[in-house]
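Read off the chains here:
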Amino acid sequence: MAQIPLTMPKMSMTMEEGTITEWQVAVGDRIAKGDVVAVVMTDKVDMEVESPAAGLVEELLHGEGDVVPVGGHIALIASEEEDLLGDLFDGGGEGSGASAAPTGDATPATPAPVEEQADGPAQSDGPAAGAGSGALPPTVPLARKLAKDHGLDLRGITPTGPHGTVRVKDVKEAIAAAEAAGQEPSGGASPAARSSAASSDASSTSEQSSPSAPAPIAPVVEADADELLGTARERRTRQLTAQAMASTPLIPQFTAYRTVDLSTAARARTGVLKGISWTTLLLRAYALLLRGNEQLNGSWAGDGVKRSPTVDVVLAVDTPGGLLVPVLREPDLMSVRALDAEVRRIGASAKSGTVDPSLFGPATGTVSNLGGMGVDRFNALITPPQATALSIGTVGFAPVVEADGTVTGRMSCEIGLSIDHRVADGADAARALQEIQDLLDDPLRLAL
């Protein structure tokens, strides 16, 4: 019976890791090919992971809430079906293929999972004296941690997992064997001492290799798991948001505000633009602005502004699970009705947590609308490498003093255009806001 690993799939072009939010099976369950075995969150969207074969769930390698890199093993399935991977991971030499180092131009027989590659140097810091040499075998994360805590060299442990993977029981057996022989696996140092030394070495190395690293914007507060608010999925959403916005404070940005007159557009919404939402109209005007201004549609590249070949706008959507940021590709090239339908479709799917993961990725600008929540004015932060972000406040009638001194009500809203000051200046922002006003005064340009 073949033992088939279930790996973390790559569900979008930008996905690098996923969070297991829910297991749909338990160890010992019999499943069919195509059965949903887990729900994984990536780019803040929940996606179902299906079994590649029929069989018996032998082992769940991660718990709910664990973050696993793309390609990393998350479960093992015992199946009578033919292992379609065959001997793809077989090194062709003695021992595990994972331990065989590549020679010449040959491709490594067993590429280590992303997590293994990322943690490789850290693993090689902790072997006991006399540790072997060569590539580290693919290892279950908990097994890797256990081996490190006890000072065991993974290359000296016999793997029993599929394709030469070291499992937790392999490490435990190695520890038990060492203790039975009257030896201390760690070579004399306690796990706490080794952990402290490793942390000290890592800190020292980091300080020496990054002398010009900027100081943190705010101190990071450590917390135990039971002190953290929300579910595992909600915490992961906050983590993804934090990662995306971490470098925002380093951008020298400013926001210019303007109250735009919507009178003409409002009349058009009773005719040629009937049924089109204000979000769609303002998003389209913003996209047309970016299309005609390569500077604002570009990004800062260190020695100048890098041109972006396309116009791709993020639509920030508030959902019960947190903020989602799907991307509308070339919204100015769509008809206004097609764009309005897409905006509504994306908004509905985002709120239900079923948005297509392919809609997440790089963009050249962001639209954020809090007007529907009663906010008149706010500052939208720039997400690098974007150079601008448009904020939209409440749309409604506001008193206006006319030239003859009379007071009338006028349909309007306040918008803010945040700009990376390395890319453009205040006068550029003023001209951009005027262009948006000109577009709103010419509904036919928005309707085409």
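As the structure is a prediction and not an experimental result, all values here were calculated from the model. (Residues numbered from 1 in each chain as written. Predicted model: local features only at pLDDT ≥ 70, side-chain atom pairs only at ≥ 80, totals over all residues. Heavy atoms only, no water.)

S.K.: Residues and numbers for the overall build of the chain, please.
M.R.: A tally of regular secondary structure across the chain gives 11 helices and 19 strands. Residues classed as buried in the chain amount to 40% of the 448 residues present. Put simply, 64% of the contacts in the chain that link residues at least 6 apart link residues at least 24 apart. With an accessible surface of roughly 22,800 Å², the chain has 54% of that area assigned to carbon and sulfur atoms. (Helix = DSSP H or I, 4+ residues; strand = E, 2+ residues; numbered from the N terminus. Buried < 20%, exposed > 50% of the residue type's maximum accessible area, 1.4 Å probe, protein only. Contact = heavy atoms within 4.5 Å. Areas by Shrake-Rupley, 256 points an atom, 1.4 Å probe, with all protein chains shown as cover.)

S.K.: Residue-level account of the packing of aromatic side chains, with values.
M.R.: This model, assessed by the stated rule, comprises zero aromatic pairs. The ring of tyrosine 257 has arginine 377 sitting right over it, with the charged end atom 3.7 Å from the ring centre. (Phe/Tyr/Trp six-rings, centres within 6.5 Å; stacked < 30°, edge-to-face > 60°. Lys NZ or Arg CZ within 6 Å of the ring centre and 35° of its normal.)

S.K.: Which residues make up the packing of helix α7 (residues 278–292) against helix α10 (residues 426–440), and what are the values?
M.R.: Angle between the axes and distance between the axes: these two values describe a pair of packed helices. Between α7 and α10, the shortest axis-to-axis distance is 9 Å and the interhelical angle comes to 125°. In terms of axis orientation, α7 runs oblique to α10. The handedness of the crossing between α7 and α10 is right-handed. Each of Leu282, Ala285, Leu288 and Leu289 in α7 lies in contact with α10, whose residues at this interface are Ala432, Glu435, Ile436, Leu439 and Leu440. Considered class by class, the residues forming the contact of α7 with α10 number eight nonpolar, no polar and one charged. (Axes fitted to C-alpha atoms, helices over the stretch in contact; angles between N-to-C directions. Parallel < 35°, antiparallel > 145°, perpendicular 65-115°, else oblique. Left-handed = near helix turned anticlockwise from the far one by under 90°. Nonpolar A, V, L, I, M, F, W, Y, C, P; charged D, E, K, R; others polar.)

S.K.: Quick one: what's the story with the pairing of strand β16 (residues 365–369), residue by residue and with numbers?
M.R.: Side-chain positions along a regular strand alternate between the two faces of the sheet. Most of β16 is tucked away, with four of its five residues classed as buried. Here strand β12 (residues 312–315) runs beside β16; their pairing, made up of three bridges, is parallel. What sits directly across from leucine 315, in β16, is valine 367. Taken together, the three bridges between β16 and strand β17 (residues 388–392) define a ladder with parallel strand orientation. If you follow asparagine 369 over to β17, its bridge partner there is isoleucine 392. (Pairing = 2+ DSSP bridges.)

S.K.: Requested: an account of the pairing of β12, with residues and values cited.
M.R.: What you see with β12 is no split at all: Asp312 and Val314 on one side and Val313 and Leu315 on the other are buried throughout. Where β12 and strand β15 (residues 327–329) come together, three bridges link them in antiparallel fashion. When the bridges of β15 are listed, aspartate 312 appears paired with arginine 329.

S.K.: Summarise the side chain of threonine 388; cite the residues concerned and give the values.
M.R.: Here threonine 388 shows up in strand β17. A polar contact of 2.6 Å, which involves the side chain of threonine 388, links it to the side chain of tyrosine 286. In this view, threonine 388 contacts Tyr286, Leu290, Leu296, Thr364, Gly365, Thr366, Ile382, Leu417, Ser418 and Ile419; residues no more than four positions away in its chain are not counted. (Polar contact = N/O pair within 3.5 Å; in protein donor to acceptor, adjacent residues only side chain to side chain.)

By themselves, these are just geometric observations and shouldn't be taken as functional.
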